[in-house]
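Structural characterization, general
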Amino acid sequence: MLNYTTQSRWPNGFGSQQSPIDLKNVGAVHAGTALDFEMRNAYGLTSEIDDQTTIRDLGDGAATIFGRQFAFVQVHFHAPAEHLLAGQAKPFEIHLVHQNSIGQLVVVALLVDVGETDATLQQIIDQFEPGQTQPVHIQLGKWVAEQPIGFHYLGSLTTPPLTEGVEWLVITNPTVTISSRQLAWFKAHFQPNNRQVQPLNNRRVEIYTKQE
Ligand SMILES: [Zn+2]
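So, how was this worked out
Residues numbered from 1 in each chain as written. Predicted model: local features only at pLDDT ≥ 70, side-chain atom pairs only at ≥ 80, totals over all residues. Heavy atoms only, no water. UniProt positions renumbered as here; feature names shortened; annotations may be inferred. 1 Å grid on protein atoms, 1.4 Å probe; cavity = no way out; pocket = protein on both sides within 12 Å on 5 of 7 lines; lining within 4 Å. Points joined across faces, edges and corners; volume = space filled by probe spheres on them. Helix = DSSP H or I, 4+ residues; strand = E, 2+ residues; numbered from the N terminus. Nonpolar A, V, L, I, M, F, W, Y, C, P; charged D, E, K, R; others polar. Donors = N, O, S within 2.8 Å, 3.2 Å for Na, K, Ca; no water. Buried < 20%, exposed > 50% of the residue type's maximum accessible area, 1.4 Å probe, protein only. Arc of directions from axis to C-beta. Polar contact = N/O pair within 3.5 Å; in protein donor to acceptor, adjacent residues only side chain to side chain. Pairing = 2+ DSSP bridges.

Per an unreviewed UniProt entry, the protein goes by carbonic anhydrase and derives from Lentilactobacillus farraginis DSM 18382 = JCM 14108. Turning to the protein, the UniProt annotation filed under Sequence similarities (unreviewed entry) states: "Belongs to the alpha-carbonic anhydrase family." As its UniProt record puts it under Catalytic activity (unreviewed entry), the protein is described as follows: "hydrogencarbonate + H(+) = CO2 + H2O".

Written as C-alpha cells, this is what we have:
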C-alpha cells in the first residue's frame, strides 16, 4: 500500500514538471474566461475499488477538453486536497481521469468545499466494500458548472510512477460539495492521501476566469 508518510522517498525518475502545485493568481497567464471542459454525456461508474489509500471508480463517458475528444476512465478522491490555492488546501479534491486515443492523459481536478450532501458521493460511500472491487451502477451528478473557472498546466501523476506529460485542469468553482458527515466518513476510512506540492520550475500556468 502506498505510504503517504514516506512520500519524500517515493521513486521519481522525472522531477521537473511534477504535480500537485500551489496555484496562484499572481504569475498565472490569463488565457480565457472559462476552461474548455464539457462532459458530452453523463459519466457512468461501473466498478468500485478499495485501493487502500482511496476509493477508485472506473467508468465510461466522453468529454471535450480544449477542442479534443477524451474518454472518461476513472474517478478517485483525495482528502485533503492536493492542489493548493495561494497556499491553502480545500478539504477534498476529486480527480476525473481522462485519456484519448493516443494515450494522452488529462486529469480534471475539482477543488471541493464542505457544504450540502452530494447524492453521487453518497452512493459511492454506500456501495463501498472494504478490501473489495465490485460492480456498481452510479450515474455521476453534474459536478461542473457551465462556465468552469480555474487553472490549466502541465504536470504529472501524483502517485508513483509520477509520470510527467499529464495535463491538468483544476476547477475552482465545481457545483459539487461534500457534507461534513461525508468528509468525516472518508477520513475515517482513509489516511490523508495528498501528495505535497511540488516546485513550479518556471512552468506556464494559465488561469481561466472572468476578468475583474
Ligand atoms: Zn489523484
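1. Some points on empty space enclosed by the protein
Under the criterion given, the structure shown has one cavity of 30 Å³ or more. For the largest cavity, the calculated volume is near 50 Å³. At the level of secondary structure, the elements contributing two or more residues to the lining of the largest cavity comprise helix H1 (119-126) and helix H2 (180-189). With three residues, the top contributor of residues to the lining of the largest cavity is H1. Here the residues of the lining of the largest cavity are counted per class, giving eight nonpolar, one polar and no charged.

2. Some remarks on the coordination of the zinc ion
Each donor-metal-donor angle in an ideal tetrahedron of four donors is 109.5 degrees, and each such angle in an ideal octahedron of six donors is either 90 or 180 degrees. For the zinc ion, the full set of protein donor atoms is His76 (NE2), His78 (NE2) and His95 (ND1), at a range of 2.0 Å. Counting along the primary sequence, the residues that act as donors to the zinc ion give the motif H-x1-H-x16-H. Here His76 is found in strand E7 (residues 68-78), whereas its partner His95 is found in strand E10 (residues 92-99), with 19 residues between them in sequence. Here His76 matches His95 in class, with each residue buried.

3. Some details on H1
Those residues of H1 that fall on the buried side of the exposure criterion are Thr120, Leu121, Ile124 and Ile125. Along the long axis of H1, the arc covered by the buried residues comes to 140 degrees, so they all point the same way. H1 presents Ala119 and Asp126 as exposed residues on the side facing more than 90 degrees away from its buried surface. Two or three places before Thr120, at the start of H1, stands the capping residue Asp118, its side-chain oxygen 3.1 Å from that residue's backbone nitrogen.

4. A short note on the pairing of strand E11 (residues 105-112)
Counted residue by residue, E11 has seven buried out of eight residues, so it is predominantly covered. Of the strand pairs in this sheet, E10 and E11 are connected by eight bridges, and their pairing is antiparallel. Counted as the bridge partner of His98 is Val106 from E11. The loop that links E10 with its antiparallel partner E11 comprises five residues; one of these, Gly103, has a positive phi angle of about 85 degrees. Bridge count for E11 against strand E14 (residues 164-171) is five bridges, and the pairing is parallel. Its bridge partner lying in E14, Val107 is registered against Trp168.

5. Section: the layout of surface pockets
Computed from the structure, the largest pocket encloses a volume of approximately 340 Å³. Arg56, Gln74, His76, Val97 and Thr159 are, among the 21 residues lining the largest pocket, the residues nearest its centre. In the lining of the largest pocket, the residues fall into 10 nonpolar, nine polar and two charged. Taken together, 16 residues line the second largest pocket, and the ones lying closest to its centre are Met1, Gln52, Thr53, Phe190 and Gln191. When its residues are assigned to classes, the lining of the second largest pocket shows seven nonpolar, eight polar and one charged.

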